[in-house]
Amino acid sequence: MLWLLFAANFNYGFLYGGDAQVPYTFLRRLMGAHTHAYGYQFGLAFFELPFYGVGAGFDSLGMHTFRTHPIEQTLIALGTVVYVAVTVALVYVLLRDLGLRHAALAAGIALFGTTSFFYGVFSPGQTHTVDTMLATLLVLTTLVGFRRDWPLGIALLAGAIVGVAVSVRTFEGALGFGLFAGLVVYRKFRPALAVGVAACLAYALLAVVPLADGVHLFEGGYNAGSLLRWSPGSPFFMLFTLKRGLFLWTPVTALAVVGYILLLRRDREHRPFLVAIGLMAVAVVAIQAAVPFWGAGLSFSQRYFAALMPIFAVGIGGLLQRRPALGTAACLVCIAWSMFLALTMSILPYNDETGGVDELVHLAGTQSTGSYAYGVWHISHLKIIVPGHPFSSN
């Protein structure tokens, strides 16, 4: 409920940034528009399709725009709220099934203590909301797999989820590699093979859609040759620097690492599962050594690690299991810090290409309490229902 209230107040209501327009343009082409589209991150279009369809229905009834933006984009932006809600529900189920106390609280902390809340409201239309949901579903499937000794059906399902996730964001293949490694470590060779085969087949079947429509999967600057090169410092920069350091922007994630280690040491029953998701996290971080553009434009915290949210949630659950009062207090302080950065980034003229935490703190320091509060009020939807603030004022 808290998430829905937060999203209702702050959701942008349109697709923000150039990255969001790439799969949206592909979706419009699928729906018959005469547009030149790229297939980069094409899988996101399939998740946007239901909301686009509802928007197209409104459009046919004469409601073409909502606050100057195409109604289809507005519905897709609202769809990100739904996918975040589904993710939080899956995280709750995951933590509950692990037998962790305070599962609901840990799920909420994971939502507001990572990048998930930001991409659900302040930057809708990017891949991160959907790939986080898919990663959560994969982690939950992994738990079921280890509990049931990996029957073929569960392994194939896990692989299919990986294939779909790769269609949404190519680098999510690292999650599949980490799971494959975890299965090999525990000598689950047949399930590992099944995961790999199912992932390849799922991606290939989905890729038929853009290819059949004459849309190249990698074109216009999205091919590996123009994007990737050896950059071994990138993982460190992405975790620890002022510019985009995950642990500095969203320090709940650092507490989650501590909680994960505590849980790994004590929970022998679920240790194979915990090792596997740990390898998945390491793989997601390590693959960024091939990414020199680690700064990730239009980014809050480190958006390339957004899909690690369910793994951080497990760590938060482990922390609250051991130190519920102290862990909760520390997490709430960290959430307040992350929310401060997110709001400052949204209301003040922040240069996301060069600036970092230091610039955001400096910008906030140039404002009086009243002017800062007015900036937050300006991006809030509450003013729509307040007398003297007409709908058109925003």
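Values in this document were obtained by computation on a predicted structure and should not be read as measured data.

Explain the packing of helix H4 (residues 71–97) against helix H16 (residues 309–322) here, please?
Helix-helix packing is characterised by the crossing angle of the two axes and by the distance between the axes. As a packed pair, H4 and H16 sit with axes 10 Å apart at the nearest point and diverge in direction by 40 degrees. Viewed along their axes, H4 and H16 adopt a mutual orientation that is oblique. Crossing of H4 against H16: the hand is right-handed. Residues Thr87, Val91, Leu94 and Leu95 of H4 form the contact with H16, whose own contacting residues are Met309, Pro310, Ala313 and Val314.

Explain the layout of surface pockets to me, please; I cannot follow it from the model alone.
Over the atoms rolls a probe the size of a water molecule, and in doing so it shows where empty space is left. Taken as a whole, the second largest pocket holds about 300 Å³ of empty space. The wall of the second largest pocket is formed by Leu239, Phe247, Ala256, Val257, Tyr260, Gly278, Ala281, Val282, Val285, Leu308, Ile311 and Phe312. Only helix H14 (252–266), helix H15 (271–286) and H16 provide two or more residues apiece to the lining of the second largest pocket. When residues of the lining of the second largest pocket are assigned to their parent elements, the largest contribution, four residues, is made by H15.

I keep staring at a nonpolar patch on the surface and nothing clicks. Help me out?
Residues Val54, Phe58, Leu61, Met63 and Phe66 make up a contiguous nonpolar surface patch of roughly 450 Å² in combined accessible area. Turning to its location among the elements, Phe58 is positioned in helix H3 (residues 43–60).

Could you clarify how one ought to interpret the environment of Leu134 in this entry?
With respect to the element layout, Leu134 can be found in helix H7 (residues 128–147). With 30 residues separating them in the primary sequence, Leu134 and Val164 have C-alpha atoms 8.0 Å apart. Other than its neighbours up to four places away in sequence, Leu134 contacts Phe47, Ile161, Val164, Ala165 and Val168.

It is not clear to me how the packing of H7 against helix H9 (residues 173–185) should be interpreted in this structure. Could you clarify?
Between H7 and H9, whose axes approach to 12 Å, the crossing angle comes to 10 degrees. Classified by the angle their axes make, H7 and H9 are roughly parallel. Residue-level contacts link Ala135, Leu138, Thr142 and Phe146 of H7 to Leu175, Leu179 and Leu183 of H9. When grouped by side-chain class, the residues that make up the contact of H7 with H9 number six nonpolar, one polar and no charged.

What am I meant to see in unusual backbone geometry here?
Most peptide bonds take the trans configuration, and most residues that are not glycine carry a negative phi. In this model, His102 sits at a positive phi of 60 degrees, which is unusual for a non-glycine residue. Here His102 is to be found in the loop between H4 and helix H5 (103–113). Judged by its relative accessible area of 36%, His102 falls in the partly exposed class. Even without being glycine, Ser301 reaches a positive phi, approximately 55 degrees. With respect to the helices and strands, Ser301 occurs in the loop between H15 and H16.

Looking at this structure, how should I read helix H10 (residues 189–212)?
With 24 residues, H10 should reach 34 Å at 1.5 Å per residue; the first-to-last C-alpha distance of 35 Å fits that figure. Of the residues making up H10, those classed as buried are Pro191, Ala192, Ala194, Val195, Ala198, Ala199, Ala202, Ala207 and Pro210. Lining the buried residues of H10 we find helix H2 (18–30), helix H8 (152–168) and H9. Looking one or two residues past H10, Gly214 carries a phi angle of roughly 75 degrees, positive in sign.

Cut-offs used in this document
- Residues numbered from 1 in each chain as written.
- Predicted model: local features only at pLDDT ≥ 70, side-chain atom pairs only at ≥ 80, totals over all residues.
- Heavy atoms only, no water.
- Axes fitted to C-alpha atoms, helices over the stretch in contact; angles between N-to-C directions.
- Helix = DSSP H or I, 4+ residues; strand = E, 2+ residues; numbered from the N terminus.
- Parallel < 35°, antiparallel > 145°, perpendicular 65-115°, else oblique.
- Left-handed = near helix turned anticlockwise from the far one by under 90°.
- Contact = heavy atoms within 4.5 Å.
- 1 Å grid on protein atoms, 1.4 Å probe; cavity = no way out; pocket = protein on both sides within 12 Å on 5 of 7 lines; lining within 4 Å.
- Points joined across faces, edges and corners; volume = space filled by probe spheres on them.
- Patch = residues over 30% accessible without salt bridge, like charges linked within 9 Å, V, L, I, M, F, W, Y side chains within 5 Å.
- Areas by Shrake-Rupley, 256 points an atom, 1.4 Å probe, with all protein chains shown as cover.
- Salt bridge = Lys/Arg side-chain N within 4 Å of Asp/Glu carboxyl O.
- Nonpolar A, V, L, I, M, F, W, Y, C, P; charged D, E, K, R; others polar.
- Buried < 20%, exposed > 50% of the residue type's maximum accessible area, 1.4 Å probe, protein only.
- Expected span 1.5 Å × (residues − 1).

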